[in-house]
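Each chain is listed here by its residues.
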Amino acid sequence: MTAPFGRFFLPGPTEVHPDVLAAMTQPMIAHRSAGCTELLQAAQPLLQELFGTTLPVRVGLASATGFMEAGVRMLPRGRVLALVNGAFSERFAQIAEACGHAVERRVVAWGQAHDPEALGDASGYVGVLCGHNETSTGVVQPVAEIACAVHPTPLLVDSTSGLGGAEMKFDEWGLAYALTASQKALALPPGLAFAVVRDDLLAHPPDSFYFDLRKYGPDRPPFTPALPQLYALAVQAHRIETEGVTARLARHTAMMERVHAWAAGRAILADAAHRSPTVTCILHPGSNELLARMAERGYTLGNGYGKLKGEAFRIGHMGDQDPATLEALLEALDATMVA
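Residues numbered from 1 in each chain as written. Predicted model: local features only at pLDDT ≥ 70, side-chain atom pairs only at ≥ 80, totals over all residues. Heavy atoms only, no water.

Colleague: Break down the pairing of strand β2 (residues 79-84) for me, with residues and values.
Modeller: Remark: a regular strand shows side chains that alternate across the two faces of the sheet. Most of β2 sits inside the fold, with five of its six residues counted as buried. One ladder, built from six bridges, connects β2 with strand β3 (residues 102-107); its direction is parallel. Bridge pairing links L81 to E104 in β3. For the handedness criterion, the β-α-β arrangement of β2, helix α4 (residues 87-98) and β3 is classed as right-handed. Pairing between β2 and strand β4 (residues 127-131): four bridges, direction parallel. (Buried < 20%, exposed > 50% of the residue type's maximum accessible area, 1.4 Å probe, protein only. Helix = DSSP H or I, 4+ residues; strand = E, 2+ residues; numbered from the N terminus. Pairing = 2+ DSSP bridges. Right-handed = clockwise from strand over helix to strand, strands pointing away.)

Colleague: Describe the nonpolar core, naming the residues involved and giving the relevant values.
Modeller: Core analysis: the biggest nonpolar cluster contains 47 residues, and F51, L155, M168, L175, F194 and L230 have the highest contact counts within it. Counting residues in hydrophobic clusters, the runner-up holds 31 residues, among them A70, M74, A96 and A195. (Core = buried A, V, L, I, M, F, W, Y, C linked by side-chain atoms within 4.5 Å.)

Colleague: Can you break down the sheet that holds strand β7 (residues 155-158) residue by residue, with the values?
Modeller: With respect to topology, seven strands assemble into an open sheet ordered β1-β9-β8-β7-β4-β2-β3, the strand pairing being mixed. Every interior strand has two partners, whereas the edge strands, β1 (58-61) and β3, have only one. Across the sheet, the mean angle separating the axes of adjacent strands is 20° when strand polarity is ignored. With five bridges joining them, strand β8 (residues 177-181) and strand β9 (residues 192-197) adopt antiparallel strand pairing. Within the sheet, the bridge partner assigned to T180 lies in β9 and is F194. Its contacts with the sheet put helix α5 (residues 143-150) on β2, β4 and β7, and the angle it makes with β7 is roughly 160°. (Axes fitted to C-alpha atoms, helices over the stretch in contact; angles between N-to-C directions. Contact = heavy atoms within 4.5 Å.)

Colleague: I'd love a proper account of the layout of surface pockets, names of residues and values included.
Modeller: Within this model, the largest pocket holds a volume of roughly 250 Å³. As for the largest pocket, its lining consists of 17 residues, of which F88, R91, T160, Q183 and K184 are closest to the centre. Listed by contribution, the elements that provide at least two residues to the lining of the largest pocket are α3 (64-73) and α4. A per-element tally of the lining of the largest pocket places α3 first, with three residues. Here the lining of the largest pocket is built from residues that sort into six nonpolar, seven polar and four charged. (1 Å grid on protein atoms, 1.4 Å probe; cavity = no way out; pocket = protein on both sides within 12 Å on 5 of 7 lines; lining within 4 Å. Points joined across faces, edges and corners; volume = space filled by probe spheres on them. Nonpolar A, V, L, I, M, F, W, Y, C, P; charged D, E, K, R; others polar.)

Colleague: Just give me the short version of the packing of helix α7 (residues 227-243) against helix α8 (residues 245-262), but keep the residues and values in it.
Modeller: Relative orientation of the contacting elements α7 and α8 amounts to 85°, with a least axis distance of 6 Å. Overall, the two elements α7 and α8 adopt an arrangement that is roughly perpendicular. Two secondary-structure elements touch here, α7 through Q236, I240 and E243 and α8 through V245, A247, R248 and R251. Grouping the constituent residues of the contact of α7 with α8 by class yields three nonpolar, one polar and three charged. (Parallel < 35°, antiparallel > 145°, perpendicular 65-115°, else oblique.)

Colleague: Tell me about helix α2 (residues 34-51), and name the residues and values.
Modeller: Spanning 18 residues, α2 covers 25 Å between terminal C-alpha atoms, matching the ideal 26 Å at 1.5 Å per step. Of all the bends in α2, the greatest reaches close to 35° and is centred on Q44; the proline P45 follows between one and four positions later. For α2, the full list of buried residues reads C36, T37, L39, L40, A43, Q44, L46, L47, L50 and F51. Check the buried side of α2 and you find it contacts β1, α6 (170-173), β8, β9, α7 and α8. A positive phi of about 70° marks G52, the residue just after α2. (Expected span 1.5 Å × (residues − 1). Bend = angle between axes of the 7 residues up to and from the residue.)

Colleague: How would you summarise empty space enclosed by the protein if you had to cite specific residues and measurements?
Modeller: Applying the stated criterion across every chain, the model contains two cavities of 30 Å³ or more. If you go around the largest cavity, you meet 13 residues; those closest to its centre are V59, G60, L61, P221 and P225. Among the elements that take part in the lining of the largest cavity, β1 stands out by supplying three residues, more than any other. One number sums up the size of the second largest cavity: a volume of about 40 Å³. For the lining of the second largest cavity, the secondary-structure elements that each account for two or more residues are α2 and α7. Here the element with the most residues in the lining of the second largest cavity is α7; it accounts for four residues. Residue composition of the lining of the second largest cavity, by class: eight nonpolar, one polar and no charged.

Colleague: Explain a nonpolar patch on the surface to me, and be specific about the residues and the numbers.
Modeller: A cluster of nonpolar residues, L61, F209 and Y210, forms a patch on the protein surface that exposes about 290 Å² of accessible area. Along the chain, the position of Y210 falls in the loop between β9 and α7. Using a relative accessible area of 30% as the deciding quantity, one classes Y210 as partly exposed. (Patch = residues over 30% accessible without salt bridge, like charges linked within 9 Å, V, L, I, M, F, W, Y side chains within 5 Å. Areas by Shrake-Rupley, 256 points an atom, 1.4 Å probe, with all protein chains shown as cover. Salt bridge = Lys/Arg side-chain N within 4 Å of Asp/Glu carboxyl O.)

Colleague: Which residues make up α3, and what are the values?
Modeller: Counting buried positions over the 10 residues of α3 gives eight, a clear majority of the element. Buried within α3 we find A64, G66, F67, M68, A70, G71, V72 and R73. Where α3 is buried, its residues touch β1, α4, β4, β7, β8 and β9.

Colleague: Break down the sheet that holds strand β10 (residues 267-268) for me, citing the residues and quoting the values.
Modeller: Pairing is antiparallel across the open sheet formed by four strands, whose spatial order is β10-β11-β13-β12. The open sheet is flanked by β10 and β12 (302-303), the only strands paired with a single partner. As paired elements, strand β11 (residues 279-283) and strand β13 (residues 312-316) share five bridges and run antiparallel to each other. Within the sheet, the bridge partner assigned to V279 lies in β13 and is G316. α8 rests against β10, β11 and β13 of the sheet, and its axis sits at about 10° to β11.

This is the structure in structure tokens:
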């Protein structure tokens, strides 16, 4: 039996609206056809607005990790500075190492953001890697200030759980590369990745065939795409446009504030100045039992990630969840915690 909509609060993949799921059942079409081009073009204005760019948004069949690697492979071989503040920013660093770069990590504690003023001169690096919204900790980084601090060194930003719920201004902030994935705040099924690339990065031929982003135009897939996901993308883009990007960001902020008010007196991992609008991590020893009991009530939340597993839980207040579905979740948490 299918659970009612509004019970799935995992910080990715997020719950997908029934209309979007239904779109995926449409018949297959030729992926070199005008119909496939129309699917991609239909989503392009909305994607550009979400990224805050006039550049084309490249759509690929990959997880976010794939497009993290694609971005790293556009850099010339050399020293890379990785800003690490959680599990997924550490993954960015590991990808750069796997691609042959000499990686220097600048590490702050889980729950903290980097201080742009403490970064120093970045001119000796071929690129700087940064997570926009660290899913493992619920921290949003001051990307605009970081970009200014490391300029003119290219800043590559992973916004997997940020874009669509947290503000992104690619052009205004002077970013070189930014990526996201379908299954977080965009509330799409997993399987698609999206990226914006500044023109100067495209001048360096990557040592990759599949992840050569020069091949990924805004209207023609270079390889056979996941057509059901493209059908879903077209429908969800229309739904987001109907809500409005400004209203969508405001809804995420309102949900964040409600969770923080509910969690007053509990240990939110992220420092107060850098809390994510899409995911909150709350320290809670014995979270395995709590999540199991919430599952009995029909709710899915995230366990602590990595070293926090069993010691914290995460609420993914993102995507198509809203204040009403969130309120029901918090009431269920209250009832579970006192039972």
